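Here is what each chain is made of, one letter per residue.
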Amino acid sequence: MQHDDTLSPATLAAQGLGTIPMPHRDIVPPIHMATTFERAEDGSLPGGRIYARDASPAYDPAEALLCRLEGGAAAALFASGMAAASAVLLALKPGARVVAPHDMYWSLRNWMIGFAANWQITLDFYADAEELAALLQRPADLVWAETPANPTWEILDIARAAELAHAAGARLVVDSTVPTPVFTRPLALGADVVMHSATKYLNGHSDVIAGVLVTRAEDDLWARIKTARAAGGAVLGPFEAWLLNRGLRTLFPRVRTAAASALCIAQHFEHHPALLAVRYPGLPSHPGHDIACRQMDGGFGAMLSMRVKGGEAAARRVAGAVRIFRRATSLGSVESLIEHRGPIEGPGTRCPLDLLRLSVGIEDTADLIADLEQALQKANER
Ligand SMILES: *Cc1c(COP(=O)(O)O)cnc(C)c1O
């Protein structure tokens, strides 16, 4: 029997909704490897499935849990966050108009620009809610949002964006990879679809590439998204789905620990003499702090950025001097990561070249602070 709705999301996640599979009453779900499913003598499908590219039982536990955590009507796993995001764009019709943020996950923004140009899709970019409102004076089909947004953790008011999008005839899709359902539930704030790179916090262990979409309603857009998944074939393998499901069991303690640590680190370094600025939505100095307080529940996430005095070279030296933070791209893992972000994004980046992006993991906070202190000091000694 599954747990009921009255339990807290943390409890539902820890026990995978409380689902106990028969006949062995496994505490964790088995790995479903089957790619195809038997028809009955009359040709019907008693198991309810035809072929694993359309819908694999391997996806059920993670899809059911994520659907519940986001408060949606349905969820779909994908082979990566990019596959999930691109399925939304592929579900649009030629001539559609998309409005997207300047500051968002860089690879997705770059792909969107090329895709829009090739597929007769109009793509306009906004910097903040005011620009979004101005762009939505004209009808649109899709509004893309990311909050807190890479790499300065800009905050967008989701409820306001949803109102503006709906008034313009558009659906609002929110990339909620960074806050996770632990801190933000975009569907409850009016968004139509939530997207995650499940590679990040949802799995949390740097060992699975995966993505997910959760929809508020099983409508025409969702039907086209499901077709894009089945026909595009960007589906997750059963073992990856199982690993994701395992990672989800510890989602709440991992994310809460990392976010509490990130807040301490942000506060500790905010006025550090070697830094120009610390960008973290949990600091009152962050321009989106008030909205973040309203729309994020229980924490501000575990991503922050630091702008180092002395420009690009100084930032490179600091990244080169850390010992506990790992120098690597990506985010949302149990191990803390540091990235000198601007050079990674390359030509056309809006990311300041003195910016270091930190993904705080679950190591001891004092160790992480000491590591950054020694790296800043070492970088300044030269
Ligand atoms: C990583 C990431 C993506 C892309 O996800 P992949 O799983 O790497 O394909 C999209 N959005 C955000 C915010 C991300 O951090």
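Per chain, the residues get numbers from 1 upward, laid out in the order the sequence is written. Two thresholds apply to this predicted model, a pLDDT of at least 70 for residue-level local features and 80 or more for giving and counting side-chain atom pairs, whereas whole-chain, interface and lining totals are computed over all residues. Side-chain metrics rest on all non-hydrogen atoms present in the structure, leaving aside hydrogens and water.

Draft legend 1. Fine view of empty space enclosed by the protein. Site definitions follow a grid-based scheme: protein atoms alone, a 1 Å grid, a 1.4 Å probe that fits but cannot get out for cavities, and for pockets an open set with protein on both sides within 12 Å along at least five of seven lines, plus lining residues having an atom within 4 Å of a point. Grid points are joined across faces, edges and corners, and a volume is the space filled by probe spheres set on the points. Tallying each qualifying case throughout the model produces 3 cavities of 30 Å³ or more. Roughly 50 Å³ of volume is contained in the largest cavity. The wall of the largest cavity is formed by His102, Asp103, Met104, Trp106, Asn150, Pro151, Glu345, Thr349, Arg350 and Cys351. All amino acids are sorted into three groups, where Ala, Val, Leu, Ile, Met, Phe, Trp, Tyr, Cys and Pro are nonpolar, Asp, Glu, Lys and Arg are charged, and the leftover types, Gly among them, are polar. Of the residues contributing to the lining of the largest cavity, the split by class is 4 nonpolar, 3 polar and 3 charged. Domain segmentation is taken from an automatic or database assignment of domains. When residues of the lining of the largest cavity are assigned to domains, at least three fall in each of domain 1 (9-248) and domain 2 (252-381). Estimates place the volume of the second largest cavity at around 40 Å³. Taken together, the residues of the lining of the second largest cavity sort by class into 6 nonpolar, 3 polar and 1 charged.

Draft legend 2. Structural detail: helix H10 (residues 251-269). An ideal rise of 1.5 Å per residue puts 27 Å on 19 residues; H10 measures up with 27 Å between its terminal C-alpha atoms. For H10, every residue scored as buried is listed here: Leu251, Phe252, Arg254, Val255, Ala258, Ala259, Ser261, Ala262, Ile265, Ala266 and Phe269. Secondary structure elements follow DSSP: runs of H or I of four or more residues count as helices, runs of E of two or more count as strands, with numbering from the N terminus. To estimate how far a helix should reach, multiply one less than its number of residues by 1.5 Å. Exposure is judged per residue with a 1.4 Å probe applied to protein chains only, and the accessible area is read against the type maximum: over 50% gives exposed, under 20% gives buried, and values in between give partly exposed.

Draft legend 3. Structural detail: the site of the ligand. Met82, Asp175, Ser197, Thr199 and Lys200 are the nearest of the 14 residues found near the ligand. A distance of 2.8 Å is found between an oxygen atom of the ligand and a side-chain nitrogen or oxygen belonging to Ser197. In protein, a polar contact means a hydrogen-donor-capable atom and an acceptor-capable atom, both N or O and within 3.5 Å, with residues adjacent in sequence counting only if both atoms are side-chain atoms; elsewhere, any N or O pair within 3.5 Å suffices. Thr199 places a polar side-chain atom, nitrogen or oxygen, 2.6 Å from an oxygen atom of the ligand. Areas reported here follow the Shrake-Rupley algorithm with a probe of radius 1.4 Å; residue values treat only the protein chains shown as occluding. Coverage of the ligand by the protein chains reaches 93% of its 380 Å² of free accessible surface. Every element with two or more residues in the shell around the ligand is listed here: helix H3 (81-90) and strand S6 (193-197). Within the shell around the ligand, the residues separate by chemical class into 5 nonpolar, 6 polar and 3 charged. Consider each residue's heavy atoms; a residue with any of them within 4 Å of a molecule or strand counts as near.

Draft legend 4. Quick peek at the nonpolar core. Residues Leu172 and Leu304 are the most contacted members of the largest nonpolar core, which totals 92 residues. The leading source of residues in this core is H10, at 9 residues. When near neighbours in sequence (up to four residues on either side) are disregarded, Leu304 contacts Trp153, Ala262, Ile265, Ala266, Val278, Arg279, Tyr280, Leu356, Arg357, Leu358 and Val360. We call a set of buried Ala, Val, Leu, Ile, Met, Phe, Trp, Tyr and Cys residues a nonpolar core when their side-chain atoms join them within 4.5 Å. Between two residues, a contact is recorded if the distance between any of their heavy atoms is within 4.5 Å.

Draft legend 5. A look at the domain arrangement of the chain. Each assigned domain of the chain is listed here: domain 1 (9-248) and domain 2 (252-381). Spacing between the C-alpha centres of domain 1 and domain 2 amounts to 27 Å. Listed as interface residues are 36 residues of domain 1 and, on the opposing side, 40 residues of domain 2. Each partner contributes to the roughly 3,100 Å² buried at the junction of domain 1 and domain 2, and carbon and sulfur atoms together form 62% of this total. Each of two parts loses accessible area, computed with a 1.4 Å probe, when they are put together; buried area is these two losses added. When the buried surface of domain 1 facing domain 2 is broken down by residue, Trp106, Phe183 and Tyr201 rank first, second and third, together holding 27% of it.

Draft legend 6. Highlighting the environment of Val360. Its place among the elements puts Val360 in the loop between strand S12 (355-359) and helix H14 (365-381). Each C-alpha atom, one on Val360 and one on Pro23, is 41 Å from the other, the two residues being 337 residues apart in sequence.

Draft legend 7. Representation of the pairing of S12. Most of S12 sits inside the fold, with 5 of its 5 residues counted as buried. Residues Leu355, Arg357 and Ser359 line one face of S12 and the alternating positions Leu356 and Leu358 line the opposite face, and both faces are buried. Pairing between strands is defined by DSSP: at least two bridges between the two strands are required. Looking at chain direction, strand S9 (residues 303-308) and S12 are connected through 5 bridges and run antiparallel. Pairing of Arg307 across the sheet is with Leu355, part of S12. Of the pairings in the sheet, the one linking strand S11 (residues 337-340) to S12 comprises 4 bridges and is antiparallel in character. What sits directly across from Leu337, in S12, is Ser359.

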